[in-house]
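# Descriptive analysis of the structure
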Amino acid sequence: MSLQDKVAVVTGAASGIGKEIARQFFADGARIAIADLNGEAARATAAEFDPDGLRAMGVQMDVTDEAQVDAGIDAVAEKFGGIDVLVSNAGIQIVAPIETFAFADWKKLLSIHLDGAFLTTRACLRHMYAQGRGGSVIYMGSVHSKEASKLKAPYVTAKHGLVGLAKVVAKEGAAHGVRSNVICPGFVRTPLVEKQIPEQAKELGISEDDVIHNVMLKDTVDGEFTTVDDVARTAVFLAGFPTNALTGQSVVVSHGWFMQ
Ligand code: NAD
């Protein structure tokens, strides 16, 4: 189903997975808001897709800031005439063993992934419910929504938490035609993962090559990274799915790393 004329907000869309999702939504006919902490990069991404600025806009937004989220989502709804799709994708990674994990880092990571998901969902649902034309909320989970890895305590905790939030949104949103699902990618070579390779090599005392082949890709069926294209195609499918039949679910896109 086409996203023609749908209005979509993608958070963390100035880079990596979110940027490719925004690109594919735009190519499918949607009007898109590139929401990112890095406002300059958000505006540059919007201009890259749509130099005329008619169907793409950049929005500076820290997803952990209630006032910025509410103002940013209202600005998108005002410019494009409502909100049909939210992809709550902004995220970071911090790796360390639990016994030395800084409390400030734990709180920072949980806040971006969970507070960010809650605040953007709340702001978008208000518009979706008022409009009365349904909607789709997509959370960027991870194989770490299903499975654990060493060194990633807050990340695994947050990604599991998003599955719970998606199920509540599916139940509450159903009466308004709003669906909610989670995409759970395996490792994708974005800046978030490139940063982890040397960090994990250091923490685990192994080579970077070992991190890639014997940690990140060890349990895939083919030793391959998942790509931004793989994840974006899944987002297009979920965003355009027309009924409540597909809601409250999580879709794992990971070269068979995790099979449910
Ligand atoms: P990335 O680093 O390429 O992009 C993340 C974007 O989020 C950046 O543009 C950054 O500016 C933005 N961001 C960070 N903090 C923010 C905040 N407080 N408010 C608004 N924007 C903020 O990372 P990515 O790999 O594309 O990751 C995107 C999502 O996909 C994350 O939720 C991540 O956990 C998830 N994910 C990534 C992988 C992977 O292997 N790369 C796998 C599974 C899930």
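For the structure itself, look to the data block above.
The rules behind the values
- Residues numbered from 1 in each chain as written.
- Predicted model: local features only at pLDDT ≥ 70, side-chain atom pairs only at ≥ 80, totals over all residues.
- Heavy atoms only, no water.
- Patch = residues over 30% accessible without salt bridge, like charges linked within 9 Å, V, L, I, M, F, W, Y side chains within 5 Å.
- Areas by Shrake-Rupley, 256 points an atom, 1.4 Å probe, with all protein chains shown as cover.
- Salt bridge = Lys/Arg side-chain N within 4 Å of Asp/Glu carboxyl O.
- Helix = DSSP H or I, 4+ residues; strand = E, 2+ residues; numbered from the N terminus.
- Buried < 20%, exposed > 50% of the residue type's maximum accessible area, 1.4 Å probe, protein only.
- Core = buried A, V, L, I, M, F, W, Y, C linked by side-chain atoms within 4.5 Å.
- Contact = heavy atoms within 4.5 Å.
- 1 Å grid on protein atoms, 1.4 Å probe; cavity = no way out; pocket = protein on both sides within 12 Å on 5 of 7 lines; lining within 4 Å.
- Points joined across faces, edges and corners; volume = space filled by probe spheres on them.
- Nonpolar A, V, L, I, M, F, W, Y, C, P; charged D, E, K, R; others polar.
- Domains from an automatic or database assignment.
- Near = heavy atom within 4 Å.
- Polar contact = N/O pair within 3.5 Å; in protein donor to acceptor, adjacent residues only side chain to side chain.
- Sits in = over half its atoms within 2 Å of the grid points.

A grouping of Leu-204, Ile-206 and Val-215 is seen on the molecular surface, where their side chains present a nonpolar patch of about 180 Å² in accessible area. Looking at the secondary structure, you find Ile-206 in the loop between α6 (191-204) and α7 (208-216). According to the relative accessible area criterion, Ile-206 is partly exposed, its value standing at 30%.

What tends to happen in soluble globular proteins is that the nonpolar side chains get buried as a cluster. Core analysis: the largest hydrophobic core is formed by 31 residues, its most contacted members being Val-9, Ile-73, Val-76, Ile-83, Val-137 and Tyr-139. The greatest single-element share of this core, amounting to seven residues, is contributed by helix α4 (residues 103-131). Setting aside residues up to four positions removed in sequence, Ile-83 forms contacts with Val-7, Val-9, Ile-73, Val-76, Ala-77, Cys-124, His-127, Met-128, Gln-131 and Arg-133.

The next thing to look at is the layout of surface pockets. Of the volumes computed, that of the largest pocket is approximately 820 Å³. Lining the largest pocket are 41 residues, and of these Asn-89, Ala-90, Gly-91, Ile-92 and Leu-192 sit closest to its centre. Listing elements by their share of the lining of the largest pocket, those giving two or more residues are α1 (16-27), β2 (31-36), α4, α5 (153-173) and α6. Per element, the largest residue contribution to the lining of the largest pocket is four residues, and it comes from α6. In the lining of the largest pocket, the residues fall into 20 nonpolar, 16 polar and five charged. Three or more residues apiece are contributed to the lining of the largest pocket by two domains, here domain 1 (7-187 + 227-253) and domain 2 (189-225). What the second largest pocket holds in volume is close to 310 Å³. Taken together, 15 residues line the second largest pocket, and the ones lying closest to its centre are Ala-148, Ser-149, Lys-150, Val-215 and Lys-218. For the lining of the second largest pocket, the secondary-structure elements that each account for two or more residues are α6 and α7. Here the lining of the second largest pocket is built from residues that sort into seven nonpolar, three polar and five charged.

Let us now look at the site of the ligand. Taken together, the neighbourhood of the ligand is formed by 27 residues, with Ser-15, Asp-36, Tyr-155, Val-188 and Thr-190 sitting nearest. Measuring from an oxygen atom of the ligand, one finds a backbone N or O atom of Asn-89 at 2.7 Å. In the model, an oxygen atom of the ligand is placed 3.0 Å from a nitrogen or oxygen of the Lys-159 side chain. In isolation the ligand has 830 Å² of accessible area, and contact with the protein removes 91% of it. A majority-of-atoms criterion places the ligand in the largest pocket.

That's the geometry; what it means functionally is another story.
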